[in-house]
Amino acid sequence: MEFTIANARLLDGSVVDVAIANGVISEIGNGLNVGKKVDATKNLMIPGLVDLHTHLREPGREDSETVATGSMAAAKGGFTAISAMANTFPVADTAGVVEQVYRLGQEAGFCDVFPIGAVTQGLAGKSLAELGAMANSKARVRIFSDDGKCVSDPLLMRRALEYVKTFNGIIAQHAQEPALTVDSQMNEGIVSSKLGLVGWPAVAEEAIIARDILLAEHVGSRLHICHLTTAGGVDLVRFAKARGINVTAEVTPHHLLLTDDLVSNYDPVFKVNPPLRTEKDVLALRKGLADGTIDIVGTDHAPHPNEDKDCEWQSAAFGMVGLETALSVVVKAMIDTKMMSWADLVDRMSIAPAKIAGYARHGQIIKVGAAANLTIIDTTANWVVDRNRLASKSKNTPFEGMQLPAKILHTFLNGKQVLKDGAIMNGGAIE
Amino acid sequence: MATVLDAGEIGRALKRIAHEIIEHNHGLENVVLLGIPTRGAFLGERIGAFLKEIQSPVPVGTLDITLHRDDLRMRPPRPLLPTLIPSGGIEGKHIVLVDDVLYSGRTIRAALDAIGEIGRPATVQLAVLVDRGHRQLPIRADYVGKNIPTAASESVKVSLEEIDGKDFVEIVAGA
Amino acid sequence: MNKHLLSINDLSEDEAFEILNTASELAKISDGPMKKLPTLRGRTVVNLFFEDSTRTRISFESAAKRLSADVINFSAKGSSVSKGESLKDTAQTLQAMGADAVVIRHGASGAAQRLADSGWISASVINAGDGTHEHPTQALLDAYTIRSKFPEFSKSFKGLRVAIVGDILHSRVARSNVLLLTKLGATVTLVAPPTLIPVGVVDWNVKVSYDLDSVLKDIDVLMMLRVQSERMANSFFPSEREYSRGYGLDITRLNSLNSNAIVMHPGPMNRGFEISAESADSHKSVVLAQVSNGVLIRMAVLYQLLGGAALTGEVSV
């Protein structure tokens, strides 16, 4: 399994050949000739992307996605590592389930799958799950989240934050005060009032963020805020970091680009939790990502079968797929608008998430000896999103028909090529 | 473009029609005029004025036939025009429909349908200012201002002072 | 004109007046000499009612039948039909039946738009009430009723002062009326406790007041909305008594209205709650006229949508 990726451009602007052998970068130079040649002329090479927020649906909802199909979608999107959220059926709240998901990821072999463990048993929000058992399992879980639901009981959140200090774990909170969001359908504001849909007010997210930031400070533990969506939330995270609180924050690609007026046609493809918000929020999130207040981009890839979206709004499921469009959407929202450079993007989508989660073989500077988890991108190409050509089993993308910048050409996972010229290598990687 | 009736000729034709109505009905008992909007309604008023002048007043109303047309599906929905059935109704009356141009006969067929919905007159008669031929249904006028043979590719344009500012009838090329 | 009537936004000011004028003409013929018209012979109108509403369904049914259309009534009580399947599968059955127009009432806001956009049917869709979003024919019949009582406003509602009182937040009648009345030029004031006013009202072209008594003397039309006492359970107001005292129409308030002012209510009324029995039955109340005008307006709408050549399918937002 040896490759030479020829004439690749690195972030520092240099154009080099990168040789891969035995799962690592073996040599960097010019005129190299090791193993199979991959022509990367005019293309950008970056460390493989890392997503700390994906829903793989297996076990339980294999009609929407499996670990295998989700991993393929990840590879297509240039991701070499993804963290799988725990809201499966059964819930990933035991060593058994997280080890199962971990093994399925290994067997599929398209990207590294790191299971996230639930904070509470059954996601019921009543009592802690066996966090220690999951941490010690083969899956080595370090990130815990009830995502899909909020850990709303303040006492339970405190205990969880304290408990994970044992193994330097993180509690990743889906911030949503349940009492303020009963039957909520979309962002509460001008559009929801016009459309007659029950609102999901920004304050329901911000109130929990404020509380958890203060808890994290009091307890001295690591807090991660999932999918930040409001200007107020960005301000709160900024305040927390200024105070030296150990909090990290994440934003999705769709919240960097889309606003709630898209809901005006009641098309459930735009139904997502937390909801699309206003122009003001989008701008604040972009500023926050650009200045580092928001540490990472997380896709919140949430596959749903057609039946769950091909109906009236109230009956539809919340969620959008995002692995395959993530990079391009971030380029459109942040690089095309000159708010970030490619180096910043690589930090937010690869280096920082790998560091937060402790994925040692990912998000590494490209140098000899580093693990060969790499993504090669044509930064000048445009492509049009076609739901029928997604690798994901589910097709609920809000970007259907949209032209996006930057095309992912090749993805290398631990030295194996899993994506070649934008196509998944069937049956696993080519040797 | 050719003028086939000027203001004077129109006036004389309508007056003659008024005389013919009185003659044909042996007086004006139970005669009711219903003009078909837009221009038929104005003509109905004029004939009614002549009848009053010559003999006695008769009830004059209007009958919009839009909802009874057989060609509705061929164009976007048309606005409805006013329908005013005189207070005496039409039951047992001699209705004289008044229209400006008789052509295919479909407008009159629709008017007959509309009348049929309202009630049962004793007779229905038809007065038109111009008969231009080319009937597509077995319909004929009882009182005609002028017979004007035309080609199907032509059209007859009736202008009335009440709405067009001047009285004249002309033939123009083009349907 | 648009192929569907999903929202008042689908109508321009001219198109709205066209419907009112058509209804006026129909009033003369259909209520009088010509009870039945052949205009929609051969067309099929389906009443697709997922929510119970005998009154509205009968109104649409009468309208369609008076124009000689064939009417099929389909009633699917939402609770017993599984989610998702209900709308799509039902719609595809209607297509097979050859429906030319589907009149839909549904508990989900946006259901009418989903039906129109979905591509499941080729019929015109008429929104007869979708969740808390809109009820366009109600607003049209309300405007028609107002016009019949105030002939000076027959070409424009500029100068007309309307107050809408009640559960604005959950009311599709309120939303449609606000859109139509302001489109035609009226000045609209919403009156309700703050809990029942939507946050987005800042974007609506209306005034807002929490004090009903201060508003009464300066209006021509008082439109009372139905308030569900179940809202008490979610703390929208503390008790029925307090709501009635603050926002109910009783005889004292009725008498403080201008002598020409009219009282409207879309029905069904909670007599004694948002409106006292005497107010509902007073000479100022035009509630019965609203009901009979409903049939005329719905005839006018059916004529505009189905009476001419097939309309294009663009849906406005």
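See the structure above.
To start, this report covers the structure provided alongside it.

Rules of the game
Residues numbered from 1 in each chain as written. Chains lettered and ligands numbered in written order. Predicted model: local features only at pLDDT ≥ 70, side-chain atom pairs only at ≥ 80, totals over all residues. Helix = DSSP H or I, 4+ residues; strand = E, 2+ residues; numbered from the N terminus. Rg over C-alpha atoms; globule rule 2.2 N^0.38 Å. Buried ≥ 20, exposed ≤ 12 C-beta atoms within 10 Å, placed from the backbone. Contact = placed C-beta atoms within 7 Å. Pairing = 2+ DSSP bridges. Axes fitted to C-alpha atoms, helices over the stretch in contact; angles between N-to-C directions. Nonpolar A, V, L, I, M, F, W, Y, C, P; charged D, E, K, R; others polar.

Turning our eyes to something else, we now look at the overall build of chain A. Regarding its fold elements, chain A presents eleven helices and 19 strands. Radius of gyration (C-alpha) of chain A: 20 Å, near the 22 Å computed for a compact globule of 431 residues. Counting only residues that meet the buried cut, chain A has 59% of its 431 residues in that class. Across chain A, the fraction of contacts at a sequence separation of at least 24, relative to all contacts at a separation of at least 6, is 74%.

The next subject is the sheet that holds strand E9 (residues 262-264) of chain C. Residues and elements named next belong to chain C. With parallel pairing, the five strands of this open sheet are ordered in space as E7-E6-E5-E8-E9. Unpaired on one side and paired on the other, strand E7 (207-209) and E9 mark the two borders of the sheet. The mean angle between the axes of side-by-side strands here comes to 20°, regardless of whether they run parallel or antiparallel. Sheet analysis places strand E5 (residues 161-165) next to strand E8 (residues 221-224), joined by four bridges and oriented parallel. Pairing of Ile164 across the sheet is with Met223, part of E8.

Residues and elements named next belong to chain A. As for its placement among the helices and strands, Arg387 is situated in the loop between strand E16 (374-384) and strand E17 (403-413). The class of Arg387 is partly exposed, set by 15 C-beta atoms lying within 10 Å. Apart from residues lying up to four places away in sequence, Arg387 is in contact with Lys395, Thr397 and Glu400.

Below, the discussion takes up the interface of chain C and chain B. The interface of chain C with chain B comprises 16 residues on the first partner and 17 residues on the second. Within the residue set of the side of chain C that touches chain B, elements represented by two or more residues are helix H1 (13-30) and helix H11 (287-306) of chain C. Of all the elements, H1(C) adds the most residues to the side of chain C that touches chain B, at five residues. Tallied by class, residues from the side of chain C that touches chain B come to seven nonpolar, five polar and four charged.

Residue and element names in this part refer to chain A. Spatially, the three strands line up as an open sheet ordered E6-E7-E8, and their pairing is parallel. Every other strand in the sheet has two partners, leaving strand E6 (49-54) and strand E8 (112-115) as the edge strands with one partner each. With strand direction ignored, the average angle separating the axes of adjacent strands in the sheet is 20°. As paired strands, E6 and strand E7 (residues 79-84) are joined by four bridges and run parallel to one another. Following the sheet pairing, Thr54 is matched in E7 by Ala84.

Residue and element names in this part refer to chain C. Side-chain alternation along E8 places Val221 and Met223 on one buried face and Leu222 and Met224 on a second face that is also buried. Bridge count between E8 and E9: three bridges; the pairing is parallel. Pairing of Leu222 across the sheet is with Val263, part of E9.

A separate point is the interface of chain A and chain C. Each partner contributes to the interface: chain A provides 19 residues, whereas chain C provides 23 residues. Its residues assigned to classes, the side of chain A that touches chain C comprises six nonpolar, eight polar and five charged.

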